Amino acid sequence: MAKKFVLKECYETANGAGCGDNTPPIAASGLDVLDEPQMLNEVFDEFLKHCESMFDQLPKKEDYDWLKAYIETEVDTNQIILNFVVDELETSEIDYGERLIRAMVRLAIARPDEVIPEFITRLVSASGRLLHRLMTVFYCLAIVSPKQLAPQQLVFVQFLERENFFCRQTVLRILHCVGKVSPLEASVVNSVQRLEQNYSADMCSLFSLPACPTPIFRQFLKRNTLFDFSKKLEALEKILGIFPGNLVAAIEERLTAQGWSIDDERVRVKDDWYGHVHPQGWPVVWITTEFQELATEALWSILDEFAIKQKLSKEQINWLWWTIQPTDPEYILHAVLPRPLDIKPINVHDKERWFNELGTDKDLEIRNTRKQGGSDEWITVFERRIMAQDEVYNVPYKQEISLKGFLVPQQVYGGYHRLNELELWTERILPDSMAITIKQAQTELTGRGRSVLNNLDEPIPLIAEHENPLAFFGYWSVCTLASFIIKDFNLTFEGLDLIRNGEVVARYEVWQEGYQDECYTRDKLSFGLRLQVRQDFLIEICRRYHKLLCISINEKREYFKSIHRREPDERRYSRRYVLYHLN
């Protein structure tokens, strides 16, 4: 099978656009892996003969003496490397692009005098993915080190002239950060004030969006844009107060006006995915297609025109930004932890035994902490964990755990079934499809008053949470204690950790372990996040609100015969509760 694959790759490269330029290294690599040293030597010898034949075709009258006196011009290696890294930002691969953004932000912080001017030079002429990702880099720098961007304010202000909502909103936020540490030039201040006035003036202009898209375009967009793009459009329509489908129709109208054709795009989409999908159809390296980039550019233009002509409120502008913002700067700068030692890796030797373990746990477990450890112990009140066990060329076993804590009435009759009937809920930080950063979560939760009615017979939330969109380069899920608990106990934030009287009473951890060993995927092997609260503080919470702590644990286990299967061959679920008597 392996020999057949190598032969197929050699044949395709020999007949491709490169006319066989890549065939020798592919053949050599394949023979090396197949442990065929004799054939590998033959390939090498054939390549040398090919090189000799190429040299024989050079003009015989030219003696090439000038090569002896050739002096290589001096090059700035650092500049070449920086330009190469910036060029790579145009990659369609999502994971690779995010790694580059993280590396570039850290490099710019470490060597601002060398790096920032080079990035600025490339930003001026950038477009598409490159513009979007460079803007993301500078947005992170503005949050972390705004003073370094003060000399570049005249460059940034040029982007306020572009009719692009993402560019304008990103630059406004960059300049606001710079203005806090260094005075802005008068022309920059005027441009910022003029644009903000255009967004917020009372006078509205006539502006309407097309009613609905054609069915074929709606289906094409949904099929050829990844992750949350369609959900993002729905969220934006709700913020703008327009009918469902209006934005999709507007995107279709803009693209059609540019001479865009759905038939041509089908061909290009197929080319975009070439080399990113395993020959067996799965797994894939996730990318954004050129069509998604075109649709996104059209969307930003539509949002900008709508915001100016319809005069949205400041709150609506902020909601739009939270829906399209690209990243959380704190996530980029803070390293992800290794797997905590108390979280054991899965180690399956017997599939049936592993599946049957789900039925051995009690549906409802009662715990009394007075019989357990001291007051310095931590209790996990929120967790999302995905773990996998890999083998050679396969990841057969996967486990997913979702754990949430709630405050329930002290008198819970009927055990497990009664808990299933209760409306166990968590506080929502933001509506779905919006993205939130750590700083925004802090501001949102501390700005809320006491908003929970403590009925002794009803559950109340213990935690506040928000799941970020998959395309957002930030924390997968943001979680902390509910806002009324933060207010009642006078807690302060340090990241998403909560501090009381100088001590950490709630800690938020994000961890990751490894990647899947397959060239056609960038999926993490195991990763997770959790919120843990000190046991003595949980006792105070339960006593104050006259509740019990209830932990709901949902677990899913899956088995895959092959890594090339998108859906598992076997799957089992379980749900159980742990009830703590803390008060």
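Just so you know, these numbers come straight off a predicted model, no measurement behind them.

Asker: Run through the overall build of the chain, naming residues and quoting values.
Answerer: When helices and strands are tallied, the chain shows 22 helices and 13 strands. Once the C-alpha set of the chain is aligned to its principal axes, its extents read approximately 100 × 70 × 50 Å. Counting over 583 residues, the chain shows a buried share of 47%. Summarising the internal contacts of the chain: among those between residues at least 6 apart in sequence, 73% fall at separations of at least 24. For the chain, the exposed surface amounts to about 31500 Å²; the carbon and sulfur share of it is 51%. For the chain, the distance from the average site of its 69 positive side-chain charges to the average site of its 87 negative ones is 7 Å.

Asker: Summarise the sheet that holds strand β4 (residues 427-428); cite the residues concerned and give the values.
Answerer: Strand order across the open sheet formed by 3 strands is β4-β6-β7, with mixed pairing between neighbours. The open sheet has two edge strands, β4 and β7 (477-481), and neither has a second partner. In the sheet, β4 pairs with strand β6 (residues 463-467) via 2 bridges, with the strands oriented parallel. By the bridge assignment for β6, Arg428 is matched with Glu465.

Asker: Please give an account of empty space enclosed by the protein that cites residues and values.
Answerer: Gaps between atoms show up when a probe of the same size as a water molecule is rolled over them. Counted by the stated rule, this structure contains 2 cavities of 30 Å³ or more. For the largest cavity, the calculated volume is near 580 Å³. Taken together, 31 residues form the lining of the largest cavity, with His132, Lys232, Thr288, Gln292 and Ala471 sitting closest to its centre. Counting only elements with at least two residues in the lining of the largest cavity, the list comes to α5 (94-110), α7 (128-144), α12 (229-240), α15 (290-310) and α16 (314-324). A per-class count over the lining of the largest cavity returns 15 nonpolar, 9 polar and 7 charged. The space that makes up the second largest cavity amounts to roughly 40 Å³. Every element with two or more residues in the lining of the second largest cavity is listed here: β2 (378-391) and β3 (394-409). Partitioning the lining of the second largest cavity into residue classes produces 3 nonpolar, 2 polar and 3 charged.

Asker: I'd love a proper account of the side chain of Thr136, names of residues and values included.
Answerer: With respect to the helices and strands, Thr136 occurs in helix α7. Note on Thr136: relative accessible area 3%, which makes it buried.

Asker: So, the pairing of β3: which residues are in play, and what are the values?
Answerer: Taking burial as the measure, the 16 residues of β3 include 12 buried ones, the bulk of the element. In this antiparallel pair of consecutive strands, β2 and β3, the connection spans 2 residues, and Tyr393 shows a positive phi of 60 degrees. Relative to strand β12 (residues 547-559), β3 runs antiparallel, the two being bridged by 13 bridges. What sits directly across from Lys404, in β12, is Ser552.

Asker: Go over the packing of helix α9 (residues 165-181) against α15, please, and point to the residues and values.
Answerer: The N-to-C vectors of α9 and α15 enclose an angle of 70 degrees; their axes lie 7 Å apart at closest approach. Classified by the interaxial angle, the pair formed by α9 and α15 is roughly perpendicular. Counted together, Phe165, Phe166 and Arg168 of α9 and Trp300, Leu303, Asp304, Ala307 and Ile308 of α15 form the full contact between these two elements. A per-class count over the contact of α9 with α15 returns 6 nonpolar, no polar and 2 charged.

Asker: Provide a residue-level description of helix α11 (residues 215-224), including the pertinent values.
Answerer: Listed as buried for α11 are Phe217, Phe220, Leu221 and Asn224. Taken down its axis, α11 places every buried residue within 95 degrees of arc, on the same side. Exposed positions of α11 whose direction lies more than 90 degrees from the buried face are Pro215, Gln219, Lys222 and Arg223. Where α11 is buried, its residues contact α12, α13 (246-257), α14 (262-273) and α15.

Asker: Give me the nonpolar core: which residues, what numbers.
Answerer: Core analysis: the largest hydrophobic core is formed by 137 residues, its most contacted members being Phe138, Leu462, Leu481 and Ile541. When residues no more than four places from it in sequence are discounted, the contact partners of Ile541 are Leu407, Leu462, Leu481, Ile485 and Phe489.

Asker: Please set out the packing of aromatic side chains residue by residue, giving values where relevant.
Answerer: A full pass over the atoms with the stated rule returns 22 aromatic pairs. Ring geometry for Phe489 versus Phe537: centroids 5.1 Å apart, planes at 75 degrees, classification edge-to-face. Of the two residues, Phe489 is situated in the loop between α21 (483-488) and β8 (492-494) and Phe537 in helix α22 (residues 535-545); the sequence distance between them amounts to 48 residues. Of the two residues, Phe489 and Phe537, neither departs from the other in class, the shared state being buried. Taken together, Tyr139, Phe166, Trp300 and Trp321 form an aromatic cluster joined through their ring pairs. Between the NZ or CZ atom of Arg102 and the centre of the ring of Tyr331, over which it lies, the distance is 4.9 Å. Looking at Lys351, its charged tip hangs above the ring of Tyr559, at a distance of 5.1 Å from the centre.

Asker: So what about the pattern of salt bridges? Which residues, and what values?
Answerer: Applying the stated rule across the entire model yields 38 salt bridges. We note a salt bridge from Arg99 to Asp95, for which the minimum N-O separation is 2.7 Å. Of this pair, Arg99 and Asp95 both sit in helix α5, 4 residues apart, which is roughly one turn of that helix. With relative accessibility at 42%, the residue Arg99 sits in the partly exposed group. Residue class for Asp95 comes out buried when judged on its relative accessible area of 18%. Note that Glu467 is salt-bridged to Arg384, the shortest N-O span being 3.1 Å.

Asker: Outline the environment of Thr73, supporting the account with residue identities and numerical values.
Answerer: For Thr73, the position within the fold is in the loop between α3 (37-56) and α4 (77-88). Expressed as a C-alpha distance, the spacing of Thr73 and Asn347, which sit 274 residues apart in the sequence, is 58 Å.

Asker: Describe the environment of Leu481, with residues and values.
Answerer: With respect to the helices and strands, the residue Leu481 is situated in strand β7. Here Leu481 falls in the buried class, since its relative accessible area comes to 0%. Distance from Leu481 to Ala464, taken between C-alpha atoms, is 5.5 Å for residues 17 residues apart in sequence. Setting aside its immediate chain neighbours within four residues, Leu481 contacts Leu445, Leu462, Ile463, Ala464, Ile486, Leu491, Leu498, Ala506, Leu531, Val533, Phe537 and Ile541.

Thresholds applied
- Residues numbered from 1 in each chain as written.
- Predicted model: local features only at pLDDT ≥ 70, side-chain atom pairs only at ≥ 80, totals over all residues.
- Heavy atoms only, no water.
- Helix = DSSP H or I, 4+ residues; strand = E, 2+ residues; numbered from the N terminus.
- Buried < 20%, exposed > 50% of the residue type's maximum accessible area, 1.4 Å probe, protein only.
- Contact = heavy atoms within 4.5 Å.
- Areas by Shrake-Rupley, 256 points an atom, 1.4 Å probe, with all protein chains shown as cover.
- Lys, Arg positive; Asp, Glu negative; His and termini not counted.
- Charge placed at Lys NZ, Arg CZ, Asp CG, Glu CD.
- Pairing = 2+ DSSP bridges.
- 1 Å grid on protein atoms, 1.4 Å probe; cavity = no way out; pocket = protein on both sides within 12 Å on 5 of 7 lines; lining within 4 Å.
- Points joined across faces, edges and corners; volume = space filled by probe spheres on them.
- Nonpolar A, V, L, I, M, F, W, Y, C, P; charged D, E, K, R; others polar.
- Axes fitted to C-alpha atoms, helices over the stretch in contact; angles between N-to-C directions.
- Parallel < 35°, antiparallel > 145°, perpendicular 65-115°, else oblique.
- Arc of directions from axis to C-beta.
- Core = buried A, V, L, I, M, F, W, Y, C linked by side-chain atoms within 4.5 Å.
- Phe/Tyr/Trp six-rings, centres within 6.5 Å; stacked < 30°, edge-to-face > 60°.
- Lys NZ or Arg CZ within 6 Å of the ring centre and 35° of its normal.
- Salt bridge = Lys/Arg side-chain N within 4 Å of Asp/Glu carboxyl O.

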